[in-house]
Amino acid sequence: MKKVSLMFYKRDCMGCHACEVACKQEHGLGVGPRLVRVIEKAPAFIPVYCHHCAKAPCKDACPVDAISRNEQGIVLIDGDLCIGCRECVEACPFGAMQYEENKEIAVKCDLCVDRLAEDKLPACMSVCPTGCIHFGPEKNIASVFEQHA
Amino acid sequence: MGETKKIRTACRSCHGGCGVIAHVKDGKVIKVEGDPDSPLSYGTLCAKCLAITQLAYHPDRILHPMKKGAKGWERITWDEALDTVAGKFNEVIEEYGAESIVVGQGTGRDYESHLYRFANLLGTPNVLTAGHMCYVSRVGATLITCGNLPVSDWNGGPKCIVMWACNPQWTNPDEHKGVDFWKAYKNGSKLIVIDPRKGFLANKADLWLQLRPGTDAALAMGFLNVIIEEDLYDKEFVDQYINGWDPFVERVREYPLDRVEEITWVKQDLIRKAARMYATTKPACINWGVPTEQTLNCTDCTRILTGLMAATGNLDVPGGNAFFVPPPVRTVSHFCRHKDLPKEQWKKRLGGDQYKLASRVAMITPKVAWEAILTGKPYPLKAGLLCGSNPVSTRANAREAYEALKKIEFLAVIDFFLTPTAELADIFLPAGTWLEQNHMADNWKRHGYVIARQKAVEIGECWQDHKIFQELGKRMGQDGWWDTVEDALDYLLEPTGLTWEDFKEKGYLKGDQVYYKYKEKGFSTPTGKVELYSTVLEKWGHDPLPKYTEIPESPVSRPDLLEDYPYILNAGLRTPTFFHSANRQIPWLREIRPDPIVEIHPETAKKHGIEEGDWVYIASPRGRAKERAKLNDGIDPQVIVAEHGWWFPEIKDPGHGWDISNINLLTDNSHEFMDPVMGATNLRVLLCNISPCEDE
């Protein structure tokens, strides 16, 4: 199975935050954890999101092996195994790992793995009005830059 | 647990119309997704739409009618609520006449047709909407100038786009969505952005013209000056289709570029470059936003911009500013039954003699309503019905709006929540959200589509607004309503041969677009031409030619105020999470924007000891508001940019903090601040000072 990844083409992010709310809705999250987030520094907007790193620091940091990488390359966390130590939140170089206060566990982007199984796009990407969110085979995703150049 | 049903519908969290698939399980909407088959939004959605379930099922939402009794709000039945409103309105009609009832709305949940039908059948000419300074003002000014509203034709392939005070991707696209603009831009169109603030688009633009707020009309005159001086205009079009080109040119010559630079702060070279780019890259469209309307230059600025489109031959051409052909449904205007308002009632419209263009498009400016309530002149307004409107937050001179609505003898409101305005009412009627509506949506827009907004659920005892007007109308004995909301939709759809049930399946209808209609039919104006010299305004005793008028409170017109109020306030900064005063109680959206924001240039902030994130008082000669500072070096150091529409649903007393961060405590709605024919209030530009909040 081809490995997939997620990428935001930052220059086309206009800071509408639609991805954030789509993600909250899809994952049933309330106020607090933001699996994707756009920081506003108008006229620039900086998306913060999980890169599903090939060698994931969050996974390496987890003391109970709650974080794994599936055959598609999607880095997933098992909420039942998580002990809420926040080592992964500290370890993530992108600020993408989040903590769910209510459940006292870490949460993260699962690249909408359930939607992918139904042949749907990740929730964030499906609503983005500028099409700045890209998802696909890891090796091809760099070609996004060529398309935009 | 039941199956999940998917209902195809259309959003109305802003002026909307984006295609939505609502997922309904066990009688509840559990999720909304974009509809990839929508011809307008192609599956994309914004944060407001995506948060609709948090609005529809919000614990504070009012799900039944209420009356205000001695002990506060009490639940009542629809029967009692409608009888109370109808009884009171009948009393007022008997004693004072129907004109003493004001019927009003905010930006509207697509019920203009029903609200106006109710008001016209009631016999009141006093309809109070946001239209005096938002969109309808643009429609009115273009109707008298070129017979229709010219709309950017993104799909027609513009080669040059002028984004004039607008950001359709960020907030409230009036007709087509930002997605279509974006596609046109990505197809390689040139982009000129007119904005006092460096936003996403200004950053992308080929040319960014950072003008002094409120001087758009002068800048447009500068464009015309270059185009005329350098012979870049479309001579054939000008000769055949413009009324009064020569006197118009004379007027334009009063705006040489050195003068325009002085007025607008935009360098002459840049104006020249932009004017050349617009005039020589064809087709080109101008996409205008409300800041061009929310000053006393409203009508003139719209007319000058129309002049630009006309002079360059970009009117009703593919990829220019087109007149879209609607599908053959019955129009909103027809449904409103304007013709049934008796002539003698029409003449009683408040401010009708003064604001003739507003009267032409059947509305009043809020000022005259507040005056009638507070002073009883020229006659008193005794009762009101406000639908989806929060004037104490969104109208100029909020304090006057508040005092007037507090004083009016009887007020009924239709809304979702107890807003600061709703708290002043006697009767509360609970409205359905767009998830609870059956409607032929977008009929009022001029983009050539109507869309099926299909009811996904019913919640509590809420009724869609259309039904409220219909049932209240019937209760008052009005003829001309239907048994059901859907029967009225069948009537609207009748000329297409479709019923509501058919249309629902179809999803949308599009008109058959034809361009260059003027070649056969001319323009729908008295002379049949584009009236840059307006015979209508002339008849009304106004200057038939457009001009730039200095804002009454600016560094130029009021240098005496500069010592105390040294900055230009650019009020009304939009956000993609809120729509005017809506959505402050929605957790997902409030998390993104917890506080009202005022943008200040870093140098200016430093001068006042203000740091990023500090609470700041913004004050004008009329009042002050408190917002949180955000530093932005993309604005002029003399310009302050503040958000509008803020109140605090989490503050539980009936004021809900309406006067804490309300930028309209600073704005002025006096007659001299208003557009002389439209009554557009100045919500945008005035003088202010800033200071750190010592108590925070």
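1. Structural notes on the pattern of salt bridges
All names here are of chain B.
Right, on to step 1. A full pass over the atoms with the stated rule returns 54 salt bridges over all chains.
Right, on to step 2. Two residues, Lys-474 and Glu-471, come together in a salt bridge whose shortest N-O distance is 3.1 Å. Taken together, the positions of Lys-474 and Glu-471, both in helix H20 (residues 465-475) and three residues apart, correspond to about one turn of that helix.
Right, on to step 3. With relative accessibility at 31%, the residue Lys-474 sits in the partly exposed group.
Right, on to step 4. Residue classification places Glu-471 among the buried positions, given a relative accessible area of 18%.

2. Brief notes about the state of the cysteines
Residue and element names in this part refer to chain B.
Right, on to step 1. Counting across every chain of the model gives zero disulfides over all chains.
Right, on to step 2. Cys-49 provides the cysteine sulfur closest to Cys-11, a residue in no disulfide bond, and the two sulfurs are 3.7 Å apart.
Right, on to step 3. Distance from the sulfur of Cys-166, which forms no disulfide, to the nearest cysteine sulfur (Cys-134) is 11 Å.
Right, on to step 4. Taking the relative accessible area as the measure of exposure, Cys-166 reaches 19% and is therefore buried.

3. A short note on the interface of chain A and chain B
Right, on to step 1. Facing the 31 residues of chain A at the interface are 31 residues of chain B.
Right, on to step 2. Each partner contributes to the roughly 2,600 Å² buried at the junction of chain A and chain B, and carbon and sulfur atoms together form 55% of this total.
Right, on to step 3. When the area that chain A buries against chain B is broken down by residue, the three leading residues are Val-21, Gln-25 and Pro-43 of chain A, summing to 25%.
Right, on to step 4. Inspection of the region where chain A meets chain B yields 13 residue pairs in polar contact (both at pLDDT 80 or more).
Right, on to step 5. Contributions of two or more residues to the side of chain A that touches chain B are made by helix H1 (18-27) and helix H5 (123-127) of chain A.
Right, on to step 6. A total of seven residues in the side of chain A that touches chain B trace back to one element, the largest contributor, which is H1 of chain A.
Right, on to step 7. Considering only residue class, the side of chain A that touches chain B consists of 14 nonpolar, eight polar and nine charged.

4. Quick notes on the sheet that holds strand S23 (residues 597-600) of chain B
Residues and elements named next belong to chain B.
Right, on to step 1. Taken in spatial order, the six strands close into a barrel running S22-S26-S23-S25-S24-S27, and their pairing is mixed. Pairwise comparison of adjacent strand axes, ignoring direction, gives a mean angle of 45 degrees for this sheet.
Right, on to step 2. The sheet contact formed by strand S24 (residues 615-620) and strand S25 (residues 623-631) spans six bridges and is antiparallel. What sits directly across from Val-616, in S25, is Glu-627.

5. Section: the packing of aromatic side chains
Right, on to step 1. Throughout the structure, instances matching the rule amount to 32 aromatic pairs over all chains.
Right, on to step 2. On the numbers, 6.0 Å between centres and 55 degrees between planes, the contact of Tyr-449 of chain B with Tyr-508 of chain B is tilted. You can see Tyr-449 of chain B sitting in strand S19 (residues 449-453) and its partner Tyr-508 of chain B sitting in strand S20 (residues 508-510), a full 59 residues away along the chain.
Right, on to step 3. Members of the aromatic cluster, joined through ring pairs, are Phe-45 of chain A together with Trp-154, Trp-170, Phe-181, Trp-182, Tyr-185 and Phe-200 of chain B.
Right, on to step 4. When the ring centre of Trp-346 of chain B is taken as reference, the NZ or CZ atom of Lys-343 of chain B above it lies at 4.9 Å.
Right, on to step 5. If you follow Arg-584 of chain B out to its NZ or CZ, it ends over the ring of Trp-646 of chain B, 4.4 Å from the centre.

6. Quick notes on the domain arrangement of chain B
All names here are of chain B.
Right, on to step 1. Domain annotation for chain B reports domain 1 (4-56), domain 2 (66-135 + 331-436 + 464-481), domain 3 (150-322 + 517-539) and domain 4 (559-692).
Right, on to step 2. Taking only C-alpha atoms into account, the centre of domain 1 sits 34 Å from that of domain 3.
Right, on to step 3. Taken residue by residue, the interface counts 10 residues in domain 1 and 10 residues in domain 3.
Right, on to step 4. At the boundary of domain 1 with domain 3, total buried surface from both sides reaches about 700 Å², with 52% on carbon and sulfur atoms.
Right, on to step 5. Tallied by class, residues from the side of domain 1 that touches domain 3 come to four nonpolar, five polar and one charged.

7. Topic: the packing of helix H8 (residues 216-229) of chain B against helix H13 (residues 298-311) of chain B
Residues and elements named next belong to chain B.
Right, on to step 1. Where H8 meets H13, the closest approach of the two axes is 9 Å, and the angle between their N-to-C directions is 25 degrees. Relative to H13, H8 is oriented roughly parallel. Judged by the twist between their axes, the crossing of H8 over H13 is left-handed. Counted together, Asp-216, Ala-217, Ala-220, Met-221, Phe-223, Leu-224 and Ile-227 of H8 and Cys-301, Ile-304, Leu-305, Gly-307, Leu-308 and Ala-311 of H13 form the full contact between these two elements.

8. Observations concerning the sheet that holds strand S17 (residues 427-430) of chain B
Residue and element names in this part refer to chain B.
Right, on to step 1. As summarised here, the arrangement of the seven strands in space is S5-S4-S17-S16-S15-S6-S7, forming an open sheet in which the pairing is mixed. Looking at strand neighbours, the two that pair on one side only are strand S5 (72-75) and strand S7 (127-128), the edges of this open sheet.
Right, on to step 2. Bridge count between strand S15 (residues 383-387) and strand S16 (residues 410-415): five bridges; the pairing is parallel. Within S16, the residue paired with Gly-384 across the bridge is Leu-411.
Right, on to step 3. Its contacts with the sheet place helix H4 (residues 112-122) against strand S6 (101-105), S7 and S15, and it is angled at close to 175 degrees to S6.
Right, on to step 4. Taken strand by strand, H20 contacts S15, S16 and S17, and its axis lies near 155 degrees from that of S15.

9. Focus on the side chain of His-439 of chain B
Residue and element names in this part refer to chain B.
Right, on to step 1. Within the element layout of this structure, His-439 appears in strand S18 (residues 439-441).
Right, on to step 2. At 3.4 Å, the side chain of His-439 forms a polar contact with the side chain of His-466.
Right, on to step 3. Among residues more than four places away in sequence, those in contact with His-439 are Asp-110, Ser-113, His-114, Ile-451, Ala-452, Arg-453, His-466, Leu-489 and Trp-500.

10. Topic: the pairing of strand S4 (residues 66-69) of chain B
All names here are of chain B.
Right, on to step 1. Here S4 runs beside S5; their pairing, made up of four bridges, is antiparallel. Within S5, the residue paired with Lys-68 across the bridge is Trp-73.
Right, on to step 2. The hairpin turn running from S4 into S5, its antiparallel successor, is two residues long.

11. Quick look at the confidence of the model for chain B
Right, on to step 1. Put simply, chain B has an average pLDDT of 97, and 100% of its residues get 70 or more.
Right, on to step 2. The ipTM, which scores confidence in the relative placement of chains, is 0.95 for this predicted complex, and the corresponding pTM is 0.97.

12. Brief notes about the packing of H8 of chain B against helix H10 (residues 245-252) of chain B
Residue and element names in this part refer to chain B.
Right, on to step 1. Interhelical geometry of H8 versus H10 gives an angle of 115 degrees and a closest axis separation of 9 Å. When the axes of H8 and H10 are compared, the pair comes out roughly perpendicular. Crossing hand, H8 versus H10: left-handed. Residue-level contacts link Met-221, Leu-224, Asn-225 and Ile-228 of H8 to Trp-245, Phe-248, Val-249, Arg-251 and Val-252 of H10.

13. Digging into helix H6 (residues 178-186) of chain B
All names here are of chain B.
Right, on to step 1. Across the nine residues of H6, seven count as buried, placing the element largely inside the fold.
Right, on to step 2. Among the residues making up H6, those that are buried are Gly-178, Val-179, Asp-180, Phe-181, Trp-182, Ala-184 and Tyr-185.
Right, on to step 3. Buried residues in H6 make contact with strand S9 (160-164), strand S10 (190-194) and helix H7 (200-204).
Right, on to step 4. Where H6 ends, the next residue or the one after it, Gly-188, has phi of about 105 degrees, a positive value.

14. Notes on the environment of Gly-497 of chain B
Residues and elements named next belong to chain B.
Right, on to step 1. With respect to the helices, strands and loops of the structure, Gly-497 is situated in the loop between helix H21 (485-493) and helix H22 (500-506).
Right, on to step 2. Given a relative accessible area of 61%, Gly-497 falls into the exposed group.
Right, on to step 3. Between the alpha carbons of Gly-497 and Val-329 there is a distance of 9.3 Å; along the sequence they are 168 residues apart.

Calculation criteria
- Residues numbered from 1 in each chain as written.
- Chains lettered and ligands numbered in written order.
- Predicted model: local features only at pLDDT ≥ 70, side-chain atom pairs only at ≥ 80, totals over all residues.
- Heavy atoms only, no water.
- Salt bridge = Lys/Arg side-chain N within 4 Å of Asp/Glu carboxyl O.
- Helix = DSSP H or I, 4+ residues; strand = E, 2+ residues; numbered from the N terminus.
- Buried < 20%, exposed > 50% of the residue type's maximum accessible area, 1.4 Å probe, protein only.
- Disulfide = S-S within 2.5 Å.
- Contact = heavy atoms within 4.5 Å.
- Buried area = accessible area lost by both parts, 1.4 Å probe.
- Polar contact = N/O pair within 3.5 Å; in protein donor to acceptor, adjacent residues only side chain to side chain.
- Nonpolar A, V, L, I, M, F, W, Y, C, P; charged D, E, K, R; others polar.
- Pairing = 2+ DSSP bridges.
- Axes fitted to C-alpha atoms, helices over the stretch in contact; angles between N-to-C directions.
- Phe/Tyr/Trp six-rings, centres within 6.5 Å; stacked < 30°, edge-to-face > 60°.
- Lys NZ or Arg CZ within 6 Å of the ring centre and 35° of its normal.
- Domains from an automatic or database assignment.
- Parallel < 35°, antiparallel > 145°, perpendicular 65-115°, else oblique.
- Left-handed = near helix turned anticlockwise from the far one by under 90°.
- pLDDT = per-residue confidence, 0-100.

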